[in-house]
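Coordinate analysis (summary)
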Amino acid sequence: MTETDFILNDFSLENISNGSITWKTPSNIALVKYWGKQEPQIPENASISFTLDACFTLTTLEYKLKEESQPEHVSGSAVEMLKQVQHDHNFEIYFEGEKKEDFKPKIATFFKRIEKHVPFLNAFEFVIKSENSFPHSSGIASSASGIGALALCVMSLEKAINPAMTDAYFNKKASFLARLGSGSACRSIEGPLIVWGNHPEIEGSSDLFGVKFPYKIHDNFKNYQDTILLVDEGEKQVSSTVGHQLMYNHPFAKQRFKQANSNISKISKVLQSGDLSAFIAIVESEALSLHAMMMTSNPYFILMKPNTLKIINEIWDFRAQSNSNICFTLDAGANVHVLFPAKEKETVNNFIKSNLMQFCQENHYICDSIGNGAISIFK
Ligand code: DP6
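Okay, so let's go over this structure. Quantities reported herein were computed from a predicted structural model and do not represent experimental measurements. Residue indices follow the written sequence of each chain, beginning from 1 at its first position. Residues qualify for local features only when their pLDDT is at least 70, as the model is predicted, and side-chain atom pairs are given and counted only at 80 or more; totals for whole chains, interfaces and linings, by contrast, use all residues. Think of the side-chain values as coming from all heavy atoms in the structure, minus any hydrogens and water.

**Here we look at the packing of helix H2 (residues 104-114) against helix H3 (residues 143-161)**
Helix axes are fitted only over the stretch in contact, all axes being lines through C-alpha atoms; the angle between N-to-C directions runs from 0 to 180 degrees. Counting from the N terminus, the helices are the DSSP runs of H or I reaching at least four residues and the strands are the DSSP runs of E reaching at least two. Contact pair H2 / H3: the axes reach a minimum separation of 12 Å and the direction vectors enclose 50°. Compared by their axis directions, H2 and H3 come out oblique. The way H2 lies across H3 gives a crossing that is right-handed. Residues Lys 106, Ile 107, Phe 110, Phe 111 and Ile 114 of H2 pack against Ser 143, Ile 147, Leu 150, Ala 151 and Val 154 of H3. Each residue belonging to the contact of H2 with H3 can be placed in one class, and the counts come to eight nonpolar, one polar and one charged. Reported orientations rely on four angle classes, namely roughly parallel under 35 degrees, roughly antiparallel over 145, roughly perpendicular from 65 to 115, and oblique for the rest. By definition, turning the near helix anticlockwise from the far helix through less than a right angle yields a left-handed crossing, and turning it clockwise yields a right-handed one. We call two residues in contact when some of their heavy atoms are within 4.5 Å. Three categories are distinguished: nonpolar for Ala, Val, Leu, Ile, Met, Phe, Trp, Tyr, Cys and Pro, charged for Asp, Glu, Lys and Arg, and polar for the others, with Gly belonging to the last.

**Quick word on the nonpolar core**
Grouped burial of nonpolar side chains is what soluble globular proteins tend to show. Membership of the largest hydrophobic core comes to 79 residues, with the highest contact counts inside it found for Ile 48, Phe 50, Phe 111, Phe 120, Phe 124 and Phe 279. Of all the elements, H3 adds the most residues to this core, at nine residues. When neighbours within four sequence positions are excluded, Ile 48 is seen to be in contact with Ile 29, Ala 30, Leu 31, Val 32, Leu 193, Ile 194, Val 195, Phe 213, Ile 264, Ile 267 and Leu 271. In plain words, nonpolar cores are sets of buried Ala, Val, Leu, Ile, Met, Phe, Trp, Tyr and Cys residues tied together by side-chain atoms within 4.5 Å. Burial classes follow relative accessibility: with a 1.4 Å probe on protein chains only, a residue under 20% of its type's maximum area counts as buried, one over 50% as exposed, and anything between as partly exposed.

**Comments concerning the site of the ligand**
If a single non-hydrogen atom of a residue is within 4 Å of a molecule or strand, that residue counts as near it. Within the structure, the ligand sits among 17 residues, and Tyr 34, Lys 37, Ser 182, Gly 183 and Ser 184 are positioned closest to it. Throughout this description, a polar contact denotes any pair of N or O atoms lying within 3.5 Å of each other; where both atoms belong to protein, one of them has to be capable of donating a hydrogen while the other can accept it, and for residues adjacent in sequence the pair is counted only when both atoms sit in side chains. Ser 182 places a polar side-chain atom, nitrogen or oxygen, 2.7 Å from an oxygen atom of the ligand. At 3.1 Å, a side-chain N or O of Ser 240 approaches an oxygen atom of the ligand. Residue burial considers only the protein chains on display, and all accessible areas are found by Shrake-Rupley using a 1.4 Å probe. If the ligand stood free it would expose 460 Å²; the protein chains cover 91% of that surface. Per-element tally for the shell around the ligand: the top contributor is helix H5 (residues 240-245), with three residues.

Structure, rendered in structure tokens:
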């Protein structure tokens with residue numbers, strides 16, 4: 001599929017006026033990382049992630065046709081009509097019950113980036129109401145679940161305008177739109193394992209949207225656990241957007257993109273064979289390679305904290321002393337995602353309580369596991 005397949009050209013707003021749509025959309029954690037992109041949000045390498053379950057954003061989009069967009073005020077086709085209406089996006093945003101002016105620029109940029117593909121947006125006024133299941137200050141990136149949820153709401157509006165679309169197209173276009181808002185968001189629409197980025201060994205993969213891992217996943221990975229240790233609940237000192245930009249002139253960029261694509265080939269086999277030792281080696285190396293890119297960019301920076309390293313060392317000691325398959329991964333921050341098979345839940349949870357919890361801010365951590373993607377909520 002190409003970009004043009006995602007442009008809605010012919011539509012009518014005759015049977016639509018106002019309403020509301022709600023989506024619950026999970027966060028995701030990358031196993032092979034996306035770090036480096038080209039315009040327009042095209043990743044430099046393929047990435048793969050576990051879709052989460054307990055960490056999600058719930059977003060409601062209330063929509064109302066603008067006065068000047070009502071059929072009696074305009075002439076010609078809907079597309080022509082939209083040329084006549086005001087070209088600013090009219091919306092308010094509430095986060096956890098509070099009006100948030102400072103969230104507006106990000107959403108406005110998102111709407112601008114997607115309007116070519118969803119031209120009907122201009123005809124509406126919106127109120128967006130959003131909340132997260134995890135604390136906003138937790139350092140867990142909410143852009144994947146937040147933008148994912150909003151993209152799905154926009155797609156539900158498109159479906160109301162154009163009911164003929166298939167579920168497969170709906171999900172692809174939701175992922176396509178989400179990608180334009182935040183790359184990792186395109187991996188939050190479905191689950192349990194999503195690949196984003198064109199890769200010769202992943203059938204159907206694309207730079208434009210995320211796809212479900214197309215091969216049979218070994219039972220070892222069913223209901224895999226992710227306990228997120230909240231090491232640093234503060235704001236990140238470097239945003240991922242800036243981090244991605246630093247890959248432009250990075251001395252190791254080429255090698256890194258090659259390494260990531262080769263890790264996709266390896267992890268694809270591992271996910272099918274169930275080889276947990278190989279899984280651990282790829283996932284931990286990916287996490288450290290991501291942070292190595294940050295430490296070797298210009299300017300350089302470190303997002304890990306002393307407690308991040310203490311946790312990593314504890315995990316390595318525990319693994320050496322037991323036959324546990326516990327491992328860690330990191331996103332662009334200090335928090336540690338502790339990954340382990342479902343059957344080790346009890347032992348690993350005990351270990352987390354006795355050895356790792358002390359390194360978390362106010363002993364905070366979140367128990368999550370792999371999920372199946374976003375769901376639409378009927379209110
Ligand atoms: C380290 O998706 O947040 O989490 O596309 O600029 O919004 P933008 O970046 P973003 O980057 C995520 C980077 C990462 C790795 C990953 O999720 O693959």
